[in-house]
Amino acid sequence: MKNKIITLCTLFGLIAALSAFNYQQEEPRPTNLKVLPKNISHEELDKTMKSFNMALGVKCNHCHAPKANGEKGLDFASDAKQEKHIAREMIKMTNKINKKWFKHEYDGVIPNISCNTCHNGKTDAYTVIQGK
């Protein structure tokens, strides 16, 4: 009987230890999404943000403010920076243009515009359009 209890305790201990290694903490859902879909996956959000980085030639801190409490890192939910408001308006504009003008398929592809269409790696699209 004593051996069975020891075996069961060892087995439960082993199961508990292994389950601790398999525990995957779920990343917190993004907050304060006003233009992007509220149910966007982390992978899709990262892909979208990286496309903005490339299209404008900027890093995340261009639109996102630092954490206010003095911690290292960015406060992605904060609306403190004007550039974030501008980015939201630009996303709305791009979505509206694509919906109105680029809704037909050509050779199996539906063309559309993106940030890179005008910005081409520069924050100031007007400079790019003017050829400067």
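Structural notes, computed from the coordinates. (Residues numbered from 1 in each chain as written. Predicted model: local features only at pLDDT ≥ 70, side-chain atom pairs only at ≥ 80, totals over all residues. Heavy atoms only, no water.)

Attention shifts here to the overall build of the chain. For the chain, the count of helices and strands is five helices and two strands. For the chain, the sequential pattern of α-helices and β-strands runs α-α-β-β-α-α-α. Residue burial in the chain is summarised as follows: out of 132 residues, 17% are buried. Relative to all contacts within the chain whose residues are 6 or more apart in sequence, the contacts with residues 24 or more apart total 32%. Summing over all exposed atoms, the chain offers an accessible surface of approximately 10,900 Å²; the carbon and sulfur share of this is 60%. (Helix = DSSP H or I, 4+ residues; strand = E, 2+ residues; numbered from the N terminus. Buried < 20%, exposed > 50% of the residue type's maximum accessible area, 1.4 Å probe, protein only. Contact = heavy atoms within 4.5 Å. Areas by Shrake-Rupley, 256 points an atom, 1.4 Å probe, with all protein chains shown as cover.)

Moving on, we come to the pattern of salt bridges. Counted by the stated rule, this structure contains five salt bridges. Connected through salt bridges with shared partners, the residues K34, D79, K84 and R88 form a single ionic network. (Salt bridge = Lys/Arg side-chain N within 4 Å of Asp/Glu carboxyl O.)

The grouping of I86, M90 and M93 at the surface amounts to a nonpolar patch, some 240 Å² of accessible area in total. Tracing the backbone through its elements, the reader meets I86 in helix α3 (residues 82-101). (Patch = residues over 30% accessible without salt bridge, like charges linked within 9 Å, V, L, I, M, F, W, Y side chains within 5 Å.)

The subject of this paragraph is a negative patch on the surface. There is a patch of like negative charges on the surface, built from E26, E27, E43, E44 and D46. Inspection of the secondary structure assignment puts E44 in helix α2 (residues 42-56). Among the residues examined, E44 registers a relative accessible area of 38% and is labelled partly exposed. (Lys, Arg positive; Asp, Glu negative; His and termini not counted. Charge placed at Lys NZ, Arg CZ, Asp CG, Glu CD.)

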